[in-house]
Amino acid sequence: AQSVTQLDSHVSVSEGTPVLLRCNYSSSYSPSLFWYVQHPNKGLQLLLKYTSAATLVKGINGFEAEFKKSETSFHLTKPSAHMSDAAEYFCVVSESGNNRKLIWGLGTSLAVNP
Amino acid sequence: EAGVVQSPRYKIIEKKQPVAFWCNPISGHNTLYWYRQNLGQGPELLIRYENEEAVDDSQLPKDRFSAERLKGVDSTLKIQPAELGDSAVYLCASRGSGSSYNEQFFGPGTRLTVL
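Residues numbered from 1 in each chain as written. Chains lettered and ligands numbered in written order. Predicted model: local features only at pLDDT ≥ 70, side-chain atom pairs only at ≥ 80, totals over all residues. Heavy atoms only, no water.

K.L.:
Even after reading the chapter, I still don't get the interface of chain B and chain A, so can you show me in this structure?
P.N.:
Frequently, the measure chosen for interface size is the accessible area removed from exposure when the parts meet. Each partner contributes residues to the interface: chain B has 23 residues there, and chain A has 21 residues. Between chain B and chain A the total buried area reaches about 1,700 Å² when both faces are included, carbon and sulfur atoms providing 47% of it. For chain B, the biggest contributors to the area lost against chain A are Asn102, Glu103 and Phe106 of chain B; these three give 31% of the whole. Here chain B and chain A share one salt bridge between them. Put simply, chain B and chain A have three residue pairs in polar contact (both at pLDDT 80 or more) between them. Put simply, the parts of the chain that give the side of chain B that touches chain A at least two residues each are β4 (31-37), β5 (44-50) and β9 (88-95) of chain B. (Contact = heavy atoms within 4.5 Å. Buried area = accessible area lost by both parts, 1.4 Å probe. Salt bridge = Lys/Arg side-chain N within 4 Å of Asp/Glu carboxyl O. Polar contact = N/O pair within 3.5 Å; in protein donor to acceptor, adjacent residues only side chain to side chain. Helix = DSSP H or I, 4+ residues; strand = E, 2+ residues; numbered from the N terminus.)

K.L.:
Hey, could you run me through the layout of surface pockets in this one?
P.N.:
With a probe scaled to a water molecule rolled over the atoms, the places where space remains empty come into view. One number sums up the size of the largest pocket: a volume of about 420 Å³. If you go around the largest pocket, you meet 27 residues; those closest to its centre are Gln38 of chain A together with Gln37, Leu39, Val89 and Arg111 of chain B. Of all the secondary structure elements, the ones that give two or more residues to the lining of the largest pocket are β10 (87-94) and β12 (108-113) of chain A together with β9 and β11 (110-114) of chain B. If one sorts the elements of the lining of the largest pocket by residue count, β11 of chain B sits on top with four residues. (1 Å grid on protein atoms, 1.4 Å probe; cavity = no way out; pocket = protein on both sides within 12 Å on 5 of 7 lines; lining within 4 Å. Points joined across faces, edges and corners; volume = space filled by probe spheres on them.)

K.L.:
Looking at this structure, I do not really get the environment of tyrosine 50 of chain A. What am I missing?
P.N.:
Residue and element names in this part refer to chain A. Mapped onto the elements, tyrosine 50 comes out in strand β6 (residues 44-50). For tyrosine 50, a relative accessible area of 7% corresponds to the buried category. It is 20 Å that separates the C-alpha atoms of tyrosine 50 and proline 79, two residues lying 29 residues apart in sequence. Once residues within four sequence positions are removed from consideration, tyrosine 50 is found in contact with Pro31, Ser32, Leu33, Thr55, Val57, Phe67 and Phe74. (Buried < 20%, exposed > 50% of the residue type's maximum accessible area, 1.4 Å probe, protein only.)

Spelled out as structure tokens, the structure:
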């Protein structure tokens, strides 16, 4: 069975400092992995996805994530946080097979301090 | 290209009342999902449609929840009667084929408050 664990429920950074949101996954097959962002009162937006191509994936708004199979990790990073990055971030693994059910982490709330 | 459209955005009802949510997926997307997201949690799948067929409704509380996608395009999710514990954000998502095959596109959600 597939699962995903977001290691931090809350992360707080200062504006202009790096962001690291951690995610570990468990999968019996080559997974597809995603990071979604949810701003208050807005829908979920895809930040980036890994689907067995390049292990370093670049997404929108300066975010990127690296797929590390040996560590079963897919951590999300950004070199310099902006106030507008404050939101809830979800790490997601996609099941293999035709149904491609998404398995969601519990989310990490990112606060950006001025 | 228009995204996934949901209405209403907000709904407040009293318990035991019925409520319905509407979703129009991205044009051409055959797969449609309804999720429920409780405060501080990730979305949980309620039902998945492939065209007009509900192919996964194992998590849908069928005693009070129902859904339909009669023409394989837009969809309605209904709760009757609503309970206090149904307060949540109800999300609709759609998925197409091609290079973004695994990617689901989400609507803004309907925030339901049951009093």
